[in-house]
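Each chain, written out:
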Amino acid sequence: AETLYALGRSGTDSKRDLIRSLADHPTPRIRSAALIALAQSNPETEKMHILYSLRDDSDPLVRLAALDVIQEHLVAPGKEKGNDEIPEDILHDLRWIAQHDPNREVRLRALKFFYESYRDLPPSVRGTFTTVAEMDSCQNVRDWAKWYLKNGFRS
């Protein structure tokens with residue numbers, strides 16, 4: 001995993017195929033590291049693989065890594081809170097994750113992602129928060145969604 005992180009930070013494309021092959025490794029830490037390394041080297045090229053990992057990886061640690069990669073490398077990197085520039089394909093997947101991911105930590109992290117990304121919530125995201133606040137299976141997730149709706153945004 002540490003070697004993969006170093007390869008990702010190196011900025012070289014010569015090892016991309018090797019890194020990509022490790023993105024399907026049986027060990028979640030290796031898959032997470034490969035995902036991060038791919039995003040560090042060329043996030044736009046690896047966007048579909050990152051989104052696939054977010055939606056479909058069996059391990060929540062990999063899905064959390066995908067959320068971090070999306071926020072850091074795909075959604076207006078370097079911009080402050082309130083950039084309101086989440087591309088529609090990513091927005092769709094993030095909304096789905098916030099409502100349906102089987103792991104409560106992943107759902108909470110998706111809600112926090114929105115909180116850190118928007119000054120004013122678009123109607124579709126506000127609807128997601130409302131649904132989560134009313135229907136999530138975990139009281140903690142429902143409470144955070146309610147708090148974000150009440151206090152977390154200026155809209």
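Residues numbered from 1 in each chain as written. Predicted model: local features only at pLDDT ≥ 70, side-chain atom pairs only at ≥ 80, totals over all residues. Heavy atoms only, no water.

Participant: Can you help me understand the nonpolar core in this one?
Facilitator: In a soluble, globular protein the nonpolar side chains are often hidden away together inside. Membership of the largest hydrophobic core comes to 34 residues, with the highest contact counts inside it found for I70, I86 and F114. Taken together, the elements giving at least two residues each to this core come down to α3 (28-41), α4 (47-56), α5 (60-74), α6 (88-100), α7 (104-117), α8 (123-135) and α9 (139-152). Contacts of I86, omitting those with residues within four sequence positions, involve V75, L91, L94, F113, F114, S117 and Y118. Listed in part, the 10 residues of the second largest apolar core include L4, A23, A33 and A37. (Core = buried A, V, L, I, M, F, W, Y, C linked by side-chain atoms within 4.5 Å. Buried < 20%, exposed > 50% of the residue type's maximum accessible area, 1.4 Å probe, protein only. Helix = DSSP H or I, 4+ residues; strand = E, 2+ residues; numbered from the N terminus. Contact = heavy atoms within 4.5 Å.)

Participant: What is the right way to look at the packing of aromatic side chains in this model?
Facilitator: Centre-to-centre distance and the angle between the planes together describe a pair of aromatic rings. With the rule as written, the count across this model stands at nine aromatic pairs. Ring plane angle 20 degrees and centroid distance 6.3 Å describe the contact between F114 and Y118, whose orientation is recorded as stacked. In this pair, the class of F114 matches that of Y118, namely buried. Consider the rings of Y115 and W147, whose centres lie 6.4 Å apart with planes at 65 degrees: the pair is edge-to-face. Linking Y115 in helix α7 with W147 in helix α9, this pair joins segments that are 32 residues apart in sequence. With a relative accessible area of 26%, Y115 lands in the partly exposed category. Judged by its relative accessible area of 38%, W147 falls in the partly exposed class. (Phe/Tyr/Trp six-rings, centres within 6.5 Å; stacked < 30°, edge-to-face > 60°.)

Any functional reading would require information that these geometric values do not contain.
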